[in-house]
Amino acid sequence: MTSVFFVDAGALGRWDRVDSVAAAERWLADLGLPRGMPFVLREDGSPDRVANRWLASLPTHGCRSRSTWRAYALNWAEWARFLRARGVEPLAATAVEVAGFYAAQRLDRGGAGVGRATWNRKIAALENFYRWAIDRELVTTSPFAYRDVWARGGDGVTRVVRRNLAKERTGRAHATVRWLEPDRLQFFLAVGLGGLLPDGSEDPAFMGRNAARNRAFGELLAASGLRAQEASFLLVCELPVADAPRDRLVALNVPGAIAKGGVPRRTVVSTAALRMIESYVRIERPTMVGRWSPAEALRACDATADGARIEGRFVRWATVDIHARARLIENGAALTWPLSSDGGPMVDWSDVFARATERCRAFEPGFPRVTPHTLRHTFAVHTLRRLVSQTVRRVREYQDDPALDVLAGYWRIHDPLLALRDLLGHASVTTTQVYLHAIDPTRLLASVDEELEECRAA
């Protein structure tokens, strides 16, 4: 069976041929294989040279996320197993095999077929492989069929694009975005994650653990728009201090080493969320300290907001990726702010959010399913509403101003979509546009006009 493994210097360091983890790190660097890079073995245990050449090329072909490497490798291995069971090599695949793969994946009679989005993600991985193979002249054509179609881009320009006919059409992006209105958001944070009763009092029957950590994590996502991975691998010393006398927004730097696509950005976070994190770090987090000792620990000392001395040399946090952050330790504790029950970094939030959703449904049947990404969407929708409202209010204040070019310039400079794009770390504003559908322009304009009338009357 085709198998996928991932580069692990710790495992290599236990081989006879490599006398230490440090030597293994140097050896992998010489090979050009970063930690976490997947490699594939064939059924007989030999390396699959074609697949491994493709996988090794991913970082220099627009795929810099380790999660993308992993997904692509697993998708390719599944495709290879399907083909080889039928006596076909991946480079010899045709449209016939694509049709058979579709039937096996999507038309499973037992009801175990994958969904449209999952199928499309698998096809995206295989498309990448065959584009690479064509560029290397390993094959002359792809097994996929294409059609040229007209499509309107985010800039409003219609262009001809190639559409892979193996991909299925999904609902419009805005139809799949799920967010929580303010009252439901607070209900989920306080009752679902925090373990309180709907009236805000303590629930003596609540048996959950780490409620302070879980609520602080949820508050952080909802107040900053961070992805779960980004929020999980922020270090205690990287978080800004909540020193404002009242609730306000402060800047939060997201290092490129933990951000999607490796692009650093600056977003905002509320001081209320930071105070919850500080409370957890001060009271609950110390109970987890001292339980965790990773096999490949990176011992840090003299940690500051910029970096620390690691293994004897100063390293800036901006260069420390998630794999190294997962091994950081200082005074017997991980440096990431949320800790798991064993004292290591807390990264798996799926069960936490599933239990929180079920708890909410115990009080409010029909409560929607909430995931960490739901809170990112929630931040996006609420922030866009505020940004658009502020811009409309400014334009309304000067609607009688004859200098319409000044107003147009103000809108361009303060474009809410561009501001939200930068806060969320989207590569294109087209991605950000899905949140526009959450705004009711009629209600927005009425609300702004009411506020302006009240200000004039006062």
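Fair warning: this is a prediction, and the values are worked out from it, not measured in the lab. (Residues numbered from 1 in each chain as written. Predicted model: local features only at pLDDT ≥ 70, side-chain atom pairs only at ≥ 80, totals over all residues. Heavy atoms only, no water.)

## Some words on the overall build of the protein
- A count of helical and extended segments in the protein gives 18 helices and eleven strands.
- Look at the contacts in the protein between residues 6 or more apart in sequence, and 63% of them connect residues 24 or more apart.
- Within the structure as shown, the protein displays about 24,600 Å² of accessible surface, and the carbon and sulfur contribution to it stands at 53%. (Helix = DSSP H or I, 4+ residues; strand = E, 2+ residues; numbered from the N terminus. Contact = heavy atoms within 4.5 Å. Areas by Shrake-Rupley, 256 points an atom, 1.4 Å probe, with all protein chains shown as cover.)

## Let's talk about the confidence of the model for the protein
- Mean pLDDT over the protein: 83, with 80% of residues reaching 70 or higher.
- Predicted confidence is poor over residues 9–18, with pLDDT under 50, and the contacts of this stretch with residues over four places away or in other chains come to 22 contacts. (pLDDT = per-residue confidence, 0-100.)

## A few points about the packing of helix H4 (residues 66–84) against helix H5 (residues 95–106)
- Two elements in contact, H4 and H5, have axes separated by 11 Å at closest approach and are oriented at 110°. By the angle between their axes, H4 is roughly perpendicular relative to H5. As H4 packs across H5, the resulting crossing turns out to be right-handed. In this structure, H4 contributes Glu78, Trp79, Phe82 and Leu83 to the contact, and H5 contributes Glu97, Val98, Gly100, Phe101, Ala104 and Gln105. (Axes fitted to C-alpha atoms, helices over the stretch in contact; angles between N-to-C directions. Parallel < 35°, antiparallel > 145°, perpendicular 65-115°, else oblique. Left-handed = near helix turned anticlockwise from the far one by under 90°.)

## A few points about the nonpolar core
- Core analysis: the biggest nonpolar cluster contains 46 residues, and Phe188, Leu220, Leu226, Val269, Trp337, Phe353 and Leu375 have the highest contact counts within it.
- Counting residues per element, the ones that place at least two in this core are helix H8 (182–193), helix H9 (211–224), strand S5 (249–254), helix H11 (271–283) and helix H13 (350–363).
- With sequence-adjacent residues up to four places away left out, Val269 is seen in contact with Leu220, Ala223, Ser224, Pro240, Arg248, Leu249, Val250, Leu252 and Leu274.
- Grouped together as the second largest cluster of nonpolar side chains are 31 residues, Leu58, Ala73, Ala133 and Val139 included. (Core = buried A, V, L, I, M, F, W, Y, C linked by side-chain atoms within 4.5 Å. Buried < 20%, exposed > 50% of the residue type's maximum accessible area, 1.4 Å probe, protein only.)

## Digging into the pairing of S5
- Every second residue of S5 is oriented toward a common face, the buried set being Val250, Leu252 and Val254 and the non-buried set Leu249, Ala251 and Asn253.
- Pairing analysis gives six bridges linking S5 to strand S6 (residues 265–270), with the strands arranged antiparallel. Residue pairing for S6: Asn253 is matched across the bridge by Arg266. (Pairing = 2+ DSSP bridges.)

## Observations regarding unusual backbone geometry
- Despite not being glycine, Asn210 has its phi angle at roughly 60°, a positive value.
- Relative to the elements of secondary structure, Asn210 occurs in the loop between H8 and H9.
- Look at Asp302: it is not a glycine, yet its phi comes out positive at around 55°.
- On the secondary structure map, Asp302 appears in the loop between strand S7 (298–301) and strand S8 (307–310).
- On the basis of relative accessibility, which here comes to 55%, the residue Asp302 falls in the exposed class.

## Details of the sheet that holds S7
- Across the sheet, five strands lie side by side as S9-S8-S7-S10-S11; this open sheet has mixed pairing. Either end of the sheet is taken by a strand with one partner, and the two such strands are strand S9 (313–316) and strand S11 (333–334).
- Looking at chain direction, strand S10 (residues 328–330) and S11 are connected through two bridges and run antiparallel. The residue of S11 that forms the bridge with Ile329 is Ala334.

## A word on the packing of aromatic side chains
- Scanning the model with the defined rule gives 18 aromatic pairs in all.
- Arranged with centres 5.2 Å apart and planes meeting at 80°, the rings of Tyr102 and Trp119 form a pair that is edge-to-face. Of this pair, Tyr102 sits in helix H5 while Trp119 sits in helix H6 (residues 116–135), placing them 17 residues apart in sequence.
- According to the relative accessible area criterion, Tyr102 is partly exposed, its value standing at 24%.
- One aromatic cluster is present, formed by Phe187, Phe188, Phe217, Tyr280, Trp337, Trp349, Phe353 and Phe367 through successive ring pairs.
- In this structure, Arg162 packs its charged tip against the face of Tyr146, placed 4.2 Å from the ring centre. (Phe/Tyr/Trp six-rings, centres within 6.5 Å; stacked < 30°, edge-to-face > 60°. Lys NZ or Arg CZ within 6 Å of the ring centre and 35° of its normal.)

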